[in-house]
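A closer look at the structure
Okay, here's what each chain looks like letter by letter:
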Amino acid sequence: MIPRALKSDALFWGVLFTSTWLLSTYSFQLYKALDARWIVRFPKSWQLPLENHISEFLDWLVGSAGFYFFSFRDLTRAISAMIEAPYQVLRNLLVEGFTSGVGETAVQVAPALSWIAVIVTIMAIGHYARDWFLSVLVGVCFLYLAVFGQWESAMITLASVLISVPIGVVGGLLLGILAYRVGWFERILRPILDLMQTVPVFAYLVPILILFGFGPVAALVATVIYAMPPMVRITIVALNSVPKEVIEAGRMAGCRNRQMMWKVLVPSAIPTLMVGVNQVIMLTLNMVIIASMIGAGGLGFDVLSSLRRLDIGGGIEAGLGIVAMAIALDRASQAFAKRSMRHPLEGNILQRHPWTGTVFLVIASTLILGQFVPAVQTYPDALTLTTGPFWSNAMEWINVNFFDTFEAIKTVILQWLLIPVKKFFTGIPWAWGIIATALIAWRVGGWKIGLLAGFLMMFIAASGLWSKAMVTIYLCGVSVLLATIIGIPLGIWAAESPRAGRVILGLMDTLQTLPSFVYLIPVVMLFRVGDFSAMIAVILYALAPAVRYAAHGLKEVPPALIEAGLMSGCTRRQLLWRIKLPLATPHLFLGLNQTIMLALSMLVITALVGTRDLGQEVYIALTKANAGQGIVAGLSVAFIAIITDRVINALASGRRERLGI
């Protein structure tokens, strides 16, 4: 017998899908028969004039707003000066050197750090964080930047990272502590963090460009805003995870509130907080290409200019430079997160801090030797290598020999998957789309989530972006479906086979360190522009969470339940399908959630390869400096992400309850 609840669920989903399919297929005929254009397009007279209001507000803010003794423009200039001063010092230290005077009368006082000094410094940090293996790894990564002619651009990027990361970490830590202390502040902060993490990156750039102008300072502000939210969230989680016994011991020792926070809670939470630092670093590096659109410079600008020129070799080489830096900083920050306390060395200051002494000695000696031997100061051009022609020739060879194969695969997927799904979603009338979304959210998560979903979808329709939103949902849906179909089996393989797991999870680490723009270069070269290219780029970018959460979920299955299954005579296949996968379902839902979030963020970037969705709206707004258009389109993407997040979290919670987890 089939339970009544299952029959009810099947009937609900069957009726909902059938109704949506019929309305999507025949909405145009219905519009013609009833002569009612509003069926397929939200009436223009009903649309909200939000774009104009937002643009007017920003114009007023920049031009007229004041706070008694100073204007808003004075405030933004003060913030710019506070950020620009240390940034310029770092640029002088790493790239330009220190000068005295202005213009033609400028005289160099001291050169920038030599490439040898920087590499030795990063190796010292790697050894201090863990061991010689990490020291050599980070040293090789930075040596790659010098050998392949990426040094100057890389140092500009490193200067941006060294400014953005401390601001993001300290700001996120302080906001997280305040949210931990004050309940109402956390309740206010949580939806703001949701918006900050789901609004597309391009949407940040438009108002920041208006408020701070074009240049590296605006890029740094955008980077901090983009990279800070994970630090806030991880700080809240880390402080809440401190064992009660530790807190009780602090109270018994007579700690006041400030002492309890800075001498008990924060030190106890440092391993988890370092995960937040790692996330800030990775998001900062992911932002460098996008921020180059408003004047960041560095490796990001090199990748972006290569992409615009369709210079496959130069783009991949600069992209690999970002990957090398990302790997070095990622591994070093992870090592600091896992670093255990060590016994202090004995002796004088040089014996206690051998690496510090070595670094200062190398810096001093290279500064002196660099005056007489230029190769010590700057890596010799004659020894510089380039892989640009290799990548260009490789792509040309692949295109010549496999063009027909790629075109055949592309045509099949377009005809049998992308075009039918696109027709289905773009044909859904806006009114029924709002109702159907609200019904789905209500059925899964209750009436509150259903009401929220209905209101958010109504906002998208009332903004005149319904058709663009449906293209976004179609592209995201297909990409996530394929990423899940590929990712979950890989995650199962990684969990079941330790040897395969090391390879697969290592590959996922590499994919996660690649900046999003890097995926576009080979994809465009192989498949040209269009929805298919966007789909491939999104799948590659969003694959890692599906694999990681599947592997993690299977590894988290209690050993006692596996033993019980073996004692019951389960085969390896039965153990996987009847015990491990059902118990890992909540983790699979979380992986699906993260895959969707990454897919939506990548879709905005794929606007550069010709997609006609909400991402294109945001990108057009950036090129025109239209803040209203960019913010409204960005909020529309964020609202789709929020609806998806709430629904999938409700599914995961329901599954955990049914499993008794």
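Parameters at a glance
- Residues numbered from 1 in each chain as written.
- Predicted model: local features only at pLDDT ≥ 70, side-chain atom pairs only at ≥ 80, totals over all residues.
- Heavy atoms only, no water.
- Salt bridge = Lys/Arg side-chain N within 4 Å of Asp/Glu carboxyl O.
- Buried < 20%, exposed > 50% of the residue type's maximum accessible area, 1.4 Å probe, protein only.
- pLDDT = per-residue confidence, 0-100.
- Helix = DSSP H or I, 4+ residues; strand = E, 2+ residues; numbered from the N terminus.
- Axes fitted to C-alpha atoms, helices over the stretch in contact; angles between N-to-C directions.
- Parallel < 35°, antiparallel > 145°, perpendicular 65-115°, else oblique.
- Left-handed = near helix turned anticlockwise from the far one by under 90°.
- Contact = heavy atoms within 4.5 Å.
- Nonpolar A, V, L, I, M, F, W, Y, C, P; charged D, E, K, R; others polar.
- Phe/Tyr/Trp six-rings, centres within 6.5 Å; stacked < 30°, edge-to-face > 60°.
- Lys NZ or Arg CZ within 6 Å of the ring centre and 35° of its normal.
- Core = buried A, V, L, I, M, F, W, Y, C linked by side-chain atoms within 4.5 Å.
- Patch = residues over 30% accessible without salt bridge, like charges linked within 9 Å, V, L, I, M, F, W, Y side chains within 5 Å.
- Areas by Shrake-Rupley, 256 points an atom, 1.4 Å probe, with all protein chains shown as cover.
- Expected span 1.5 Å × (residues − 1).
- Bend = angle between axes of the 7 residues up to and from the residue.

Here we come to the pattern of salt bridges. Using the criterion set out here, one finds 9 salt bridges in the structure. We note a salt bridge from Glu96 to Arg91, for which the minimum N-O separation is 2.8 Å. Relative accessible area serves as the criterion here: at 35%, Glu96 is assigned to the partly exposed category. Salt-bridge contacts for Asp645 lead to Arg646; the nearest nitrogen and oxygen are separated by 2.7 Å. Through salt bridges with shared partners, one network takes in Glu496, Arg572 and Lys580.

So, on to the confidence of the model for the protein. Summarising the model, the protein shows a mean pLDDT of 81, and 93% of its residues fall at 70 or more. Averaged over each element, pLDDT in the protein is lowest for helix 16 (residues 349-352) (57) and highest for helix 21 (residues 447-462) (92).

Bringing the packing of helix 19 (residues 388-426) against helix 22 (residues 466-496) into the picture now. Where helix 19 meets helix 22, the axes come as close as 9 Å, and the angle between the chain directions of the two elements is 140°. Considered as vectors, helix 19 and helix 22 are oriented oblique to each other. Helix 19 and helix 22 meet at a crossing whose hand is right-handed. Along the contact surface, helix 19 presents Leu417, Leu418, Val421, Lys422, Phe425 and Thr426, while helix 22 presents Met470, Val471, Ile473, Tyr474, Val478 and Leu482. Residues of the contact of helix 19 with helix 22, tallied by class, amount to 10 nonpolar, 1 polar and 1 charged.

A few words on the packing of helix 6 (residues 151-181) against helix 10 (residues 229-240). Following both chains from N to C, one finds helix 6 and helix 10 inclined at 45°, their axes separated by 7 Å at the closest point. It follows that helix 6 is oblique to helix 10 by the angle criterion. The element helix 6 and its partner helix 10 pack so that their crossing is right-handed. Residue-level inspection shows Gly168, Val169, Gly172, Leu173, Leu175, Gly176, Ile177, Ala179 and Tyr180 of helix 6 in contact with helix 10, the latter providing Met231, Val232, Thr235, Ile236, Leu239 and Asn240. For the contact of helix 6 with helix 10, a count of residues per class yields 10 nonpolar, 5 polar and no charged.

In this section: the packing of aromatic side chains. On inspection of all chains with the given rule, the structure shows 11 aromatic pairs. Taking the centre distance of 4.9 Å and the plane angle of 80° together, the rings of Phe12 and Trp13 count as edge-to-face. The rings of Phe12, Trp13 and Trp442 are connected pair by pair, giving a single aromatic cluster. Of note, Arg443 hangs over the ring of Phe12, and the distance from its end group to the ring centre comes to 4.8 Å.

Below, the discussion takes up the nonpolar core. Core analysis: the largest hydrophobic core is formed by 188 residues, its most contacted members being Phe142, Trp151, Phe202 and Phe517. If you look at the next biggest cluster of nonpolar residues, it comprises 8 residues, including Phe185, Leu193, Val232 and Ile236.

The next thing to look at is the environment of Gly97. The residue Gly97 is located in the loop between helix 3 (72-96) and strand 3 (98-100) in this model. Linking Gly97 and Pro111, residues 14 residues apart in sequence, is a C-alpha distance of 4.2 Å.

Here we come to a nonpolar patch on the surface. On the surface, a cluster of nonpolar side chains totalling about 730 Å² of accessible area is made up of Phe67, Tyr68, Phe69, Phe70, Leu75 and Ile79. Tyr68 sits in the exposed class, given a relative accessible area of 86%.

A word on helix 7 (residues 183-198). Structurally, the α-helix is built with 3.6 residues per turn, so residues lying three or four positions apart point the same way. Taking 1.5 Å per residue as the helical rise, helix 7 with its 16 residues ought to reach 22 Å, and the 23 Å between its terminal C-alpha atoms agrees with that figure. Its maximal kink placed at Leu189, helix 7 deviates by approximately 25°, while the proline Pro191 follows within four residues. Turning to helix 7, its buried residues are Phe185, Glu186, Leu189, Leu193, Asp194 and Thr198.

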